[in-house]
Amino acid sequence: MSGQRVEERAPVAGELAHLGAAEIAGLLTPAGAAGAVAAALREGLDPEDPRACPPRTALAAPGGELLLMPAASGRFAGVKIAGVAPANPGRGLPRITGGYLLLGGATLLPLALLDGPALTTLRTPAVSALAIDRLAVPDAARLVLFGAGPQAYGHLQAALAVRELTRVTVVARTPEAVDRLVAHARTLGVEAHGGTPDAVRGADLVVCCTTAREPLFDGRLVADGATVVAVGSHEPAARETDSALVRRAAVYVESRAAALREAGDLLIPLGEGAIGPDHVTGTLADLVAGAAPPEGRPRLFKSVGMAWEDLAVAAALYLARPGPVEQRDIVR
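As a starting point, this report considers the structure included with it. (Residues numbered from 1 in each chain as written. Predicted model: local features only at pLDDT ≥ 70, side-chain atom pairs only at ≥ 80, totals over all residues. Heavy atoms only, no water.)

### Regarding the overall build of the chain
Thinking step 1. Across its full length, the chain holds ten helices and 14 strands.
Thinking step 2. The C-alpha radius of gyration computed for the chain amounts to 19 Å, which stays within 12% of the reference 20 Å derived for 332 residues, consistent with globular compactness.
Thinking step 3. Each principal axis of the C-alpha atoms in the chain carries an extent, and together these give about 55 × 45 × 40 Å.
Thinking step 4. Counting the 332 residues in the chain, one finds 51% classified as buried. (Helix = DSSP H or I, 4+ residues; strand = E, 2+ residues; numbered from the N terminus. Rg over C-alpha atoms; globule rule 2.2 N^0.38 Å. Buried < 20%, exposed > 50% of the residue type's maximum accessible area, 1.4 Å probe, protein only.)

Put into structure tokens, the structure is as follows:
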């Protein structure tokens, strides 16, 4: 995944690196992780290729759902095992659990074990930052942020990395969580307050990172030229945006195949007849290659989260660890 070409060696027993949540947070910013995702696409990774990035496997488990997400590209391979446990927050435990195993691409020997939720908390905002940077108008300053969990904090940081925000409106179910995120945003120098869904009427940028299964706002209120990013669901029966917005918008996705397999935001309006199967305007790879979004319409980026993104960011984290290069790299 790195553009640097160095002579590499095979890891030996006992060298498995462990990257915990604190180390992951300190090694890469969302902007740095976005650069790793963009570099993977520029280097030729094809998110539509099932050989490099097969569909995620989901397994029902007593506490929720177990997801398996493998990918391989160039010097690295890896797999994320993620648990989604909806009842955990009520027990004071995280909703998302799991880990990521990074392997050498040539040897398939284990290189590192990463905290899975921390990797996801970095990866998802990084992908969104890349999309926002390509889709949002240059002077986008007013953000409406749906959700107040870890992804909301990451997406606030990601949006601030690519646009000079002046106003943030937080919309979430729990007033205490809204207050905490508003206070955090103010420490970053941004005017922030809680609000209601109709705040999208005045937004330049709308980011949805919730567990909602029904639309969060009336898509007719979103202004032409505004950008909406929806990352909260990868289930065909769940969505954060409504058919009115999807029908109006220029829609971008990570992969057409993945979106039409998993994204309820698209599959539900498709089933209603509100859009056709060719409604998707383009992909993240198109945007990285320089494609410009059409004018006079909202821009919607719908992300379902893909294994190749985890691989790109995990590899970048592994290479960013302190120490001599020859102790960090692997046999090609």
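There's more to say after this.
### A closer look at the pattern of salt bridges
Thinking step 1. A complete count under the given rule lists 16 salt bridges for this structure.
Thinking step 2. When the shortest N-O distance is used, the salt bridge between Arg123 and Glu309 registers 3.9 Å. With a gap of 186 residues between them, Arg123 in helix α3 (residues 116-135) and Glu309 in helix α10 (residues 307-320) connect regions that are remote in the sequence.
Thinking step 3. For Arg123, a relative accessible area of 4% gives the class buried.
Thinking step 4. Salt bridges sharing partners connect three or more residues here, namely Lys80, Arg123, Glu309 and Asp310. (Salt bridge = Lys/Arg side-chain N within 4 Å of Asp/Glu carboxyl O.)

### A short note on helix α4 (residues 150-162)
Thinking step 1. In this model, α4 (13 residues) spans 19 Å end to end at C-alpha, consistent with the 18 Å of a helix rising 1.5 Å per residue.
Thinking step 2. Burial in α4 covers these residues: Gln151, Ala152, Gly154, His155, Leu156, Ala158 and Ala159.
Thinking step 3. Looking at the buried positions of α4, the neighbouring elements they touch are α2 (30-42), α3, β7 (142-146), β8 (167-171), α5 (175-187) and β10 (205-208). (Expected span 1.5 Å × (residues − 1). Contact = heavy atoms within 4.5 Å.)

### Considerations on the sheet that holds strand β9 (residues 191-194)
Thinking step 1. Spatially, eight strands are ordered β9-β8-β7-β10-β11-β14-β12-β13 in an open sheet, and the strand pairing comes out parallel. Both outer strands of the open sheet, β9 and β13 (280-283), are each paired with one neighbouring strand and no more. Pairs of neighbouring strands in the sheet enclose a mean axial angle of 20°, with direction left out of account.
Thinking step 2. Sheet topology note: the β8/β9 ladder contains four bridges and is parallel. Residue Val170 lies in a different strand from β9, and its bridge partner there is Gly194.
Thinking step 3. Packed onto the sheet, α4 meets β7, β8 and β10 and runs at close to 165° relative to β7.
Thinking step 4. This element, α5, spans β7, β8 and β9 of the sheet and lies at about 175° to β9. (Pairing = 2+ DSSP bridges. Axes fitted to C-alpha atoms, helices over the stretch in contact; angles between N-to-C directions.)

### Some words on a nonpolar patch on the surface
Thinking step 1. Judged by side-chain polarity, Leu59, Leu66, Leu68 and Ile81 come together as a nonpolar surface patch covering roughly 330 Å² of accessible area.
Thinking step 2. Take Leu68: it is sitting in strand β3 (residues 64-73).
Thinking step 3. Classification of Leu68 as partly exposed rests on a relative accessible area of 36%. (Patch = residues over 30% accessible without salt bridge, like charges linked within 9 Å, V, L, I, M, F, W, Y side chains within 5 Å. Areas by Shrake-Rupley, 256 points an atom, 1.4 Å probe, with all protein chains shown as cover.)

### Comments concerning the packing of α2 against α10
Thinking step 1. Two numbers describe how α2 lies on α10: the axes approach to 9 Å, and their chain directions differ by 120°. Regarding the angle of α2 to α10, the classification is oblique. α2 and α10 meet at a crossing whose hand is right-handed. Residues Ala33, Ala36, Val37, Ala40 and Leu41 of α2 lie in contact with α10, whose contacting residues are Trp308, Ala312, Val313 and Ala316.
Thinking step 2. For the contact of α2 with α10, the class distribution of residues is nine nonpolar, no polar and no charged. (Parallel < 35°, antiparallel > 145°, perpendicular 65-115°, else oblique. Left-handed = near helix turned anticlockwise from the far one by under 90°. Nonpolar A, V, L, I, M, F, W, Y, C, P; charged D, E, K, R; others polar.)

### Overview of unusual backbone geometry
Thinking step 1. Even without a glycine there, the phi angle at Leu108 is positive, about 60°.
Thinking step 2. Structurally, Leu108 is set in the loop between β5 (96-104) and β6 (110-115).
Thinking step 3. Note on Leu108: relative accessible area 52%, which makes it exposed.

### Things to note about the side chain of His155
Thinking step 1. As for its placement among the helices and strands, His155 is situated in helix α4.
Thinking step 2. Separated by 2.8 Å, the side chains of His155 and Ser128 make a polar contact.
Thinking step 3. Ignoring any residue separated from it by four or fewer positions in sequence, one finds His155 in contact with Thr124, Pro125, Ser128, Leu145, Val207, Cys209 and Val231. (Polar contact = N/O pair within 3.5 Å; in protein donor to acceptor, adjacent residues only side chain to side chain.)

### Structural notes on the sheet that holds β5
Thinking step 1. Strand order in this open sheet of six strands is β1-β6-β5-β4-β3-β2, and the pairing throughout is mixed. In the strand order of this sheet, the two ends are held by β1 (17-19) and β2 (57-61), each with one partner. Neighbour-to-neighbour, the strand axes of this sheet turn through a mean angle of 15°, independent of strand direction.
Thinking step 2. Summarising the sheet, β1 and β6 pair through three bridges and their orientation is parallel. In the strand pairing of β6, His18 is matched with Leu113.
Thinking step 3. Sitting on the sheet, α3 is in contact with β3, β4 (76-84), β5 and β6, with an inclination near 85° to β5.

### As for the environment of Asp265
Thinking step 1. Here Asp265 is to be found in helix α8 (residues 264-272).
Thinking step 2. Spatially, the C-alpha atoms of Asp265 and Ser303 are 9.8 Å apart, while their sequence positions differ by 38 residues.
Thinking step 3. When sequence neighbours within four positions are dropped, the list of residues in contact with Asp265 reads Ala230, Ala238, Arg239, Glu240, Thr241, Val246 and Lys302.
Thinking step 4. One polar contact links the side chain of Asp265 to the main-chain amide nitrogen of Glu240, over a distance of 3.1 Å.

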